[in-house]
Amino acid sequence: MKICEIFTSIQGESTYAGLPCTFVRLSGCNLRCRYCDTKYSYYEGVEMSAEDIIGHVRAAGVPLVEITGGEPLLQQQDALLLVRDLLNEGYEVLVETNGSLSICEIDKRAVIILDVKTPGSGMSNQMDFSNFDCLKPSDEVKFVVCDRSDYDWAKDVVAEFRLKEKAKVLFSPAVGTIQPAELARWIINDKLDVRFNLQIHKYIFGPEERGV
Ligand SMILES: C[S@@+](CC[C@H](N)C(=O)[O-])C[C@H]1O[C@@H](n2cnc3c(N)ncnc32)[C@H](O)[C@@H]1O
Ligand SMILES: Nc1nc2[nH]cc(C(=O)O)c2c(=O)[nH]1
Ligand code: SF4
Ligand SMILES: [Mg+2]
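These numbers come from a predicted model, not from an experiment. Within each chain, residue numbers correspond to sequence positions counted from 1 in written order. Written order determines the labels here, with chains lettered from A and ligands numbered from 1. Reporting in this predicted model follows two pLDDT cut-offs: at least 70 for local features of residues, and 80 or more for side-chain atom pairs to be given and counted; totals over whole chains, interfaces and linings ignore these cut-offs and use all residues. Side-chain measures here rest on the full set of heavy atoms in the structure, leaving out hydrogens and waters.

Around ligand 3, the neighbouring residues are Cys29, Leu31, Arg32, Cys33, Cys36, Thr38, Tyr42, Gly70, Asn98 and Lys117. Gly is put with the polar residues, along with every residue not named as nonpolar or charged; the nonpolar set is Ala, Val, Leu, Ile, Met, Phe, Trp, Tyr, Cys and Pro, and the charged set is Asp, Glu, Lys and Arg. Residue composition of the shell around ligand 3, by class: five nonpolar, three polar and two charged. Distances are taken per atom, and a residue is near a molecule or strand as soon as one of its heavy atoms is within 4 Å of it.

Below you can see the structure in the form of structure tokens.
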């Protein structure tokens, strides 16, 4: 399968933020979100076997692994097998995915981080909302918010699909588009029962650094 990069860093997103984590970034994406911070992953990458990848993960020596991209589920069969192999070796596996492709075949031992693309991303019409039926309580649903209308849209989606009953719900400011404090104030004013999430690796290493 085509791999853009493998690196070990501090997990910057999700409820796992703060933990050492090895990232396997698969190449290619079927979407083009306006705010995307990994545009280099659309085309860059080299062919690697699952065995090669797992060798790198073993050498890193960290029990938490995230499969991301690009869009990892574009290389569907290879990605599903890689997730299963890593789980069988005892790793805790997170799969970060853009919500446009089915998550239902992912091994249930993995934690899915499902990004619901808001109107501000320019990609909300690509969402497969039937994915919500395949969520488990340990999964996370994430909204990257670009402005107030994204925030209102996200609130409506959470309510309409009863997402709080299905998974953990996270709201994150789109870096480069909205100030974190703005989103935080809206959540506080509404007493909204969602988790505010920052990409902490950008505060640790800088917003433009890649491979961290
Ligand atoms: C690069 S994507 C890879 C996985 C998958 N393609 C997706 O979009 O979920 C990983 C996460 O980074 C988020 N992200 C990308 N650019 C961002 C930005 N400028 N600010 C905040 N989050 C961003 C995406 O929304 C997604 O949740
Ligand atoms: N440190 C760090 N944490 C992350 N969590 C999700 C990431 C991603 O790009 O999917 C990411 C990333 O690129 N770096
Ligand atoms: S789906 Fe993910 S990788 Fe693809 S453009 Fe959007 S943020 Fe970037
Ligand atoms: Mg990233």
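Any Lys or Arg side-chain nitrogen found within 4 Å of a carboxyl oxygen on Asp or Glu counts as a salt bridge. Under the definition given, this model contains 16 salt bridges. For aspartate 139, the salt bridge identified is with lysine 136, shortest N-O distance 2.8 Å. Here the two residues aspartate 139 and lysine 136 agree in accessibility, since each one is buried. Of the charged contacts in the structure, one is a salt bridge between lysine 164 and aspartate 193, with a shortest N-O distance of 3.4 Å. Of this pair, lysine 164 sits in the loop between helix 3 (148-160) and strand 8 (168-173) while aspartate 193 sits in the loop between helix 4 (180-190) and strand 9 (195-196), and the two are 29 residues apart along the sequence. Burial here depends on accessible area, computed with a 1.4 Å probe over protein chains only, as a share of the maximum for the residue type. Under 20% is buried, over 50% is exposed, and the range in between is partly exposed. Overall, lysine 164 belongs to the partly exposed group, its relative accessible area being 41%. Through salt bridges with shared partners, one network takes in Arg148, Asp152, Lys155 and Asp190. Each helix is a run of DSSP H or I of at least 4 residues and each strand a run of E of at least 2, with the numbering of both proceeding from the N terminus.

This brings us to the confidence of the model for the protein. Averaged over all residues, the pLDDT of the protein is 98; the fraction at 70 or higher stands at 100%. Predicted as a complex, the structure gets a pTM of 0.98 and an ipTM equal to 0.99. Note on scores: pLDDT gives the predictor's confidence for each residue, bounded by 0 and 100.

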